[in-house]
Amino acid sequence: MRAVKADPRDQRELLRVHDLDTAITQATRAISHPSQDARLAELRPQAAEIRSRRLAVFGELEDARAELARLESDVEVVEARMKRDSERVQQTASVKDVAALESELEALRKRRSDLEDIELGIMERIEGLETQLSAIDAEAAEVESKVAALEAEREVEVESWERRRRDAAADREAVASALPEELVALYDKQRARYGVGAARLVGGVSLASNMKLSPSDLADVRSAADDDVVLCPDSGAILIRDENS
């Protein structure tokens, strides 16, 4: 690869580009993984379980209400027959017919009493199911409120990170456009390959790899001209040299 040369001041500006790239990466990661996602991931299965439980109780309640409606219809039929038989008792002169009608009325009264007892049990069951349903609805409302609040917080957080990313990208464009194209191209290439495009050399330690250069590598760096663009032998990043290197 042909040696790249650049004014030391331009090379130092790559650190600003690096910081802005880091800010863009951080913002992109935060946008993809908002801090609220973990809590939302816990709440969504909980909300689904509550919905499933509500569906089961609601279905049971509907069945009980339908059963009560059938019982009420049966009671109406029995009472209609009782009324008809009572009228016949008043209208007939036959002792035998009266006795038969009285016997049937007694059976109908027993049937009505049994139906009313069953109705009472069903009504109590309905009341219990309605209480369960109200409790489940309150539980669901609480979870939904938490989910809504977290989603609102997430939206605000994501918008904030998107704004930071836009600002960092605009600043990065401004800084990079003022630098030599060849220098920026090398920086971008090394960053795409190794993850870090440029880093300081401090006390013989590359901050890209956090490793101390070997004596021979350090001698090569020291012998390089100020405008030589030097690469870290371990990380591939452009080494930015100054008085502390």
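An account of the accompanying structure is given in this report. (Residues numbered from 1 in each chain as written. Predicted model: local features only at pLDDT ≥ 70, side-chain atom pairs only at ≥ 80, totals over all residues. Heavy atoms only, no water.)

### Details of the packing of aromatic side chains
Here's step 1: All told, the structure shown has zero aromatic pairs when counted by the stated rule.
Here's step 2: Against the face of Trp-161 rests Arg-164, its NZ or CZ located 4.1 Å from the ring centre. (Phe/Tyr/Trp six-rings, centres within 6.5 Å; stacked < 30°, edge-to-face > 60°. Lys NZ or Arg CZ within 6 Å of the ring centre and 35° of its normal.)

### Examining the nonpolar core
Here's step 1: Counting residues in hydrophobic clusters, the biggest one holds 26 residues, and the most contacted among them are Ile-126 and Val-143.
Here's step 2: Put simply, the parts of the chain that give this core at least two residues each are helix H2 (37-91) and helix H3 (95-177).
Here's step 3: Core analysis: the next-biggest nonpolar cluster, separate from the first, contains 19 residues, Leu-14, Ile-24, Leu-186 and Ile-240 among them. (Core = buried A, V, L, I, M, F, W, Y, C linked by side-chain atoms within 4.5 Å. Buried < 20%, exposed > 50% of the residue type's maximum accessible area, 1.4 Å probe, protein only. Helix = DSSP H or I, 4+ residues; strand = E, 2+ residues; numbered from the N terminus.)

### Quick notes on the packing of helix H1 (residues 8-32) against H3
The geometry of a pair of packed helices is captured by two quantities: the angle between their axes and the separation between those axes.
Here's step 1: Orientation of H1 relative to H3, taken along the N-to-C sense of each, is 155 degrees, at an axis distance of 9 Å. The angle between H1 and H3 places the two elements in the roughly antiparallel class. H3 is crossed by H1, and the crossing has left-handed handedness. Across from Glu-13, Arg-16, Val-17, Leu-20, Asp-21, Ala-23, Ile-24, Gln-26, Ala-27, Thr-28, Ala-30 and Ile-31 in H1, the residues of H3 making contact are Val-158, Trp-161, Glu-162, Arg-165, Ala-168, Ala-169, Asp-171, Arg-172, Val-175 and Ala-176.
Here's step 2: Split by residue class, the contact of H1 with H3 holds 13 nonpolar, two polar and seven charged. (Axes fitted to C-alpha atoms, helices over the stretch in contact; angles between N-to-C directions. Parallel < 35°, antiparallel > 145°, perpendicular 65-115°, else oblique. Left-handed = near helix turned anticlockwise from the far one by under 90°. Contact = heavy atoms within 4.5 Å. Nonpolar A, V, L, I, M, F, W, Y, C, P; charged D, E, K, R; others polar.)

### Regarding the side chain of Glu-119
Here's step 1: Within the secondary structure, Glu-119 is located in helix H3.
Here's step 2: It is Arg-112 that comes nearest to the buried, bridge-free Glu-119 among opposite-charge side chains, at 9.0 Å.
Here's step 3: In this structure, Glu-119 is in contact with Leu-68, Leu-71, Glu-72 and Val-75, ignoring residues within four places of it in sequence. (Lys, Arg positive; Asp, Glu negative; His and termini not counted. Salt bridge = Lys/Arg side-chain N within 4 Å of Asp/Glu carboxyl O.)

### Here we look at the environment of Asp-242
Here's step 1: Considering the arrangement of structural elements, one finds Asp-242 in the segment after strand E5 (238-240).
Here's step 2: Exposure remark for Asp-242: the relative accessible area of 24% places this residue in the partly exposed category.
Here's step 3: Each C-alpha atom of the pair Asp-242 and Leu-105 lies 112 Å from the other, and the pair is 137 residues apart in sequence.
Here's step 4: Residue contacts for Asp-242: discarding those within four places in its chain leaves Arg-200 and Leu-201.

### Description of the packing of H1 against helix H4 (residues 181-194)
Here's step 1: Close contact between H1 and H4 brings their axes to 11 Å; oriented N to C, the two are set at 45 degrees. In this view, H1 runs oblique relative to H4, as classed from their interaxial angle. Two packed elements cross with a definite hand, and for H1 against H4 that hand is right-handed. In this structure, H1 uses Asp-10, Gln-11, Leu-14, Val-17, His-18, Asp-21 and Thr-25 to contact H4, whose residues at the interface are Leu-183, Tyr-187 and Arg-191.
Here's step 2: Across the contact of H1 with H4, the residue classes tally to four nonpolar, three polar and three charged.

### So, the environment of Ser-94
Here's step 1: Residue position: Ser-94 is located in the loop between H2 and H3.
Here's step 2: A C-alpha to C-alpha distance of 114 Å links Ser-94 and Lys-189, two positions 95 residues apart in sequence.

### Section: the sheet that holds strand E4 (residues 230-231)
Here's step 1: Strand order in the open sheet made by the five strands is E3-E2-E1-E5-E4, with mixed pairing throughout. At either margin of the open sheet sits one strand with a lone partner, and together these are strand E3 (211-212) and E4.
Here's step 2: The strands touched by H4 within the sheet are strand E1 (198-202), E4 and E5, with E5 carrying the most contacts at an inclination of about 115 degrees. (Pairing = 2+ DSSP bridges.)

### Details of the pattern of salt bridges
When the charged atoms of two side chains lie near each other, side chains of opposite charge can form a pair.
Here's step 1: Using the criterion set out here, one finds 24 salt bridges in the structure.
Here's step 2: Note that Asp-21 is salt-bridged to Arg-191, the shortest N-O span being 3.6 Å. Pair noted here: Asp-21 is in helix H1 and Arg-191 is in helix H4, with a separation of 170 residues, a long-range link.
Here's step 3: The class of Asp-21 is buried, set by a relative accessible area of 6%.
Here's step 4: Look at Arg-191 and you get partly exposed, because its relative accessible area is 27%.

### Things to note about the layout of surface pockets
Here's step 1: The space that makes up the largest pocket amounts to roughly 210 Å³.
Here's step 2: Together, 13 residues line the largest pocket, and Val-221, Asp-226, Ile-240, Arg-241 and Ser-245 are the ones closest to its centre.
Here's step 3: Only H1, helix H5 (215-223) and E5 provide two or more residues apiece to the lining of the largest pocket.
Here's step 4: Broken down by class, the residue content of the lining of the largest pocket amounts to seven nonpolar, two polar and four charged. (1 Å grid on protein atoms, 1.4 Å probe; cavity = no way out; pocket = protein on both sides within 12 Å on 5 of 7 lines; lining within 4 Å. Points joined across faces, edges and corners; volume = space filled by probe spheres on them.)

### Regarding the environment of Ser-209
Here's step 1: Secondary-structure assignment places Ser-209 in the loop between strand E2 (205-206) and E3.
Here's step 2: Between the alpha carbons of Ser-209 and Glu-116 there is a distance of 85 Å; along the sequence they are 93 residues apart.
Here's step 3: Apart from the residues lying within four places of it in its own chain, the contact partners of Ser-209 are Cys-232, Asp-234 and Ser-235.

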